[in-house]
Amino acid sequence: MGSFYITTPIYYVNAAPHMGHAYTTIAADVIARHHRQRGDDVFFLTGVDEHGEPVANAAEAQGMTPQALADLNSERFRALMPRLNASNDFFIRTTDPEHKAKVQEVLTRIKDNGFVYKDHYEGWYCPRCADFKSENEIEDSNRCPIHHIELTREQEENYFFKLSAFQERLEQLYADNPDFVGPRHRANEALAFIKGGLQDVSLSRAKLTWGVEVPWDTEHVFYVWFDALLNYYTALSYARPGEDLTEKFWPPQLHVIGKDILKFHAVFWPALLMAADLPVPERIYIHGYLLMDGEKMSKSLGNVLDPLVVIDRFGTDALRHYVLRDVTFGQDGSVSTEAFEQRYESELANGLGNLASRCIAMVRKYRDGAVPAVQPELREDFDGLAGEVAALIDRAELTPALELVWERVRRLNRYVEETAPWTLANDPANAERLDVVLATLVEGLRVVAVLLASVLPETTEKLLATLGAPDTAYAGATLTAGTVAQVQALAPLFPKDIPAAAPA
RNA sequence: GGCUGGGUAGCUCAGCUGGUUAGAGCGCACGACUCAUAAUCGUGAGGUCGGGGGUUCGAGUCCCCCCCCAGCUACCA
């Protein structure tokens, strides 16, 4: 029973929300909900990153101010959260004035600590883009990848962050905390990068105005990454009006991120915190990409699985379950509408949904809905289960954790066949035996629902309400006599006769 | 090129420090049952564990070489 602070990355408002955003959010939400079940005081943060050049450029192209575009797109991300059933405690926007003020405060401290200096940044510059291009994005013979014109070598005055000063401390951090970054091979990747030698990085941009002003030199704005990373810290100071949660929740227990932003989180971020004399996060976990039929999703390929379309048709729970179940969390994996529908039918509808239907129907038919208050069987199958699941979730091994629970769903369906309650019901002499079987089934169902509550919040709430046992406290995830007294009728949890979505 | 992961049944993957006939889920075939959302349960087919050497009484599991896939190898967020 402690505090648990978990974050998603803040999503960049340059583009519309897509499955990748949904995936990260769902995973973090499952972990957040799980910890609430365990009685932890949870703070779950998500939000949007609104500054930087791509937003400024996109706004200009659309004839809007950057703020107007940010307002528009931020709202789309904010609206996504309830659709996913995300239980975030706050939604941060980097244009929040409180965030900006705090960023300035922290970075000023870093400067005061001697980790900031002014120098020239030199690179290949595209006058049409009005921007520097990195080495790996320029085309042959130094041409702009967008305009295909020749780039010029230019300089600009920048403030730099002395990342190089943290080489040793970062190596030590990784040595002392083997689980600082997970999965393991991502830690290897980050460590290899660190050991390769750290160079100082630009902290500010002079040619750009869409960002947080450098307080000691207002001709500059902070390079968007430093502004963005600090959201994890700044949010705590103003998420609750009149209250500063920093003391209570800092440092975070877990940052959930995608692999594209590993370096910023696993290298720059801890160094930045060290420079500010702040504790570093306990753990960063990197998930993989969802691939469509083995290929990266992209609009140009037209192979995008739209989370909102799936939710509209099958419900949020089905999407949450699918992405965590079908793709091993932490690895890349393929998704497809076929795989989704198959998983939905076999596991949710036929597996859990039908189990609930048959169990509840039998209790109503044979006992008028009254559940016998006798000791359930199957103890050997459920003993220790809750602990094992929690241990896996603590390691962010969400997929194996789910597998453990689904093994029990299958076990309960098998138990129904083994005990054949419909046969027992034929002979009053078997009444006691039938009592035990029914009690076991209902109780098993309840425990499974509690264990799946973080993944399937809507469905399990419905199911537990039917059982008259709405409590999802994790301590209750164990077979006990008499928890459920009476069951109500239950409509199919995961209906199968869902019409295909109307063509758009 | 270097580094890090990975290549195991049609599909998605488990297989810890080497040890009985290599496992699970899904899919498929056949059978059983009827409480249930024509759901469920059982049985089965079947894979030279990427390829080749080697160590060992014994290797998917260790060593060497090779092939293939993915990621990283710094300032796009």
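Here the structure is a predicted model, which means the values were calculated and not measured.

**Focus: the packing of aromatic side chains**
A full pass over the atoms with the stated rule returns 26 aromatic pairs. Look at Phe90 and Tyr238: their rings are 5.5 Å apart centre to centre, the planes differ by 90°, and that puts the pair in the edge-to-face class. Pair noted here: Phe90 is in strand E3 (residues 90–93) and Tyr238 is in helix H8 (residues 231–238), with a separation of 148 residues, a long-range link. A residue is classified by how much of its surface remains accessible, and Tyr238, at 12% relative accessible area, is buried. Between Tyr344 and Phe494, the aromatic rings sit 6.0 Å apart at their centres with planes inclined by 90°, giving edge-to-face as the arrangement. Taken together, the positions of Tyr344 in helix H13 (residues 337–367) and Phe494 in the segment after helix H19 (457–466) put the pair 150 residues apart, joining distant regions of the chain. Tyr344 sits in the buried class, given a relative accessible area of 4%. What makes Phe494 buried here is its relative accessible area of 5%. Grouping aromatic residues by their ring pairs yields a cluster made of Tyr5, Phe43, Tyr232, Tyr233, Phe249, Trp250 and Trp269. For Lys111, the ring lying beneath its charged end belongs to Trp216, and the centroid distance is 5.1 Å.

**Examining the side chain of Thr24**
Within the secondary structure, Thr24 is located in helix H1 (residues 19–37). Within the local environment of Thr24, its side chain forms a polar contact with the side chain of His287, the two groups lying 3.3 Å apart. When near neighbours in sequence (up to four residues on either side) are disregarded, Thr24 contacts Thr8, Pro9, Tyr11, Val256 and His287.

**Description of the layout of surface pockets**
Estimated volume of the second largest pocket: approximately 250 Å³. Taken together, 17 residues make up the lining of the second largest pocket; nearest its centre are Pro183, Arg283, Tyr285, Arg395 and Glu397. Classifying every residue of the lining of the second largest pocket by side-chain character gives 6 nonpolar, 6 polar and 5 charged. Residues lining the lining of the second largest pocket come from more than one domain, with at least three contributed by each of domain 1 (3–304) and domain 2 (336–476).

**Structural notes on the packing of helix H12 (residues 316–325) against H19**
Close contact between H12 and H19 brings their axes to 7 Å; oriented N to C, the two are set at 120°. Comparing their axes, H19 and H12 come out oblique. Touching Thr316, Asp317 and Arg320 of H12 are Pro457, Glu458 and Thr459, all from H19. A per-class count over the contact of H12 with H19 returns 1 nonpolar, 2 polar and 3 charged.

**Here's the deal with the domain arrangement of chain A**
The domains assigned to chain A are domain 1 (3–304) and domain 2 (336–476). Centre-to-centre, using C-alpha coordinates, domain 1 lies 42 Å away from domain 2. Each partner contributes residues to the interface: domain 1 has 13 residues there, and domain 2 has 16 residues. Both faces combined, the contact of domain 1 with domain 2 buries some 1,300 Å², and carbon together with sulfur accounts for 59% of it.

Criteria and thresholds
Residues numbered from 1 in each chain as written. Chains lettered and ligands numbered in written order. Predicted model: local features only at pLDDT ≥ 70, side-chain atom pairs only at ≥ 80, totals over all residues. Heavy atoms only, no water. Phe/Tyr/Trp six-rings, centres within 6.5 Å; stacked < 30°, edge-to-face > 60°. Helix = DSSP H or I, 4+ residues; strand = E, 2+ residues; numbered from the N terminus. Buried < 20%, exposed > 50% of the residue type's maximum accessible area, 1.4 Å probe, protein only. Lys NZ or Arg CZ within 6 Å of the ring centre and 35° of its normal. Polar contact = N/O pair within 3.5 Å; in protein donor to acceptor, adjacent residues only side chain to side chain. Contact = heavy atoms within 4.5 Å. 1 Å grid on protein atoms, 1.4 Å probe; cavity = no way out; pocket = protein on both sides within 12 Å on 5 of 7 lines; lining within 4 Å. Points joined across faces, edges and corners; volume = space filled by probe spheres on them. Nonpolar A, V, L, I, M, F, W, Y, C, P; charged D, E, K, R; others polar. Domains from an automatic or database assignment. Axes fitted to C-alpha atoms, helices over the stretch in contact; angles between N-to-C directions. Parallel < 35°, antiparallel > 145°, perpendicular 65-115°, else oblique. Buried area = accessible area lost by both parts, 1.4 Å probe.

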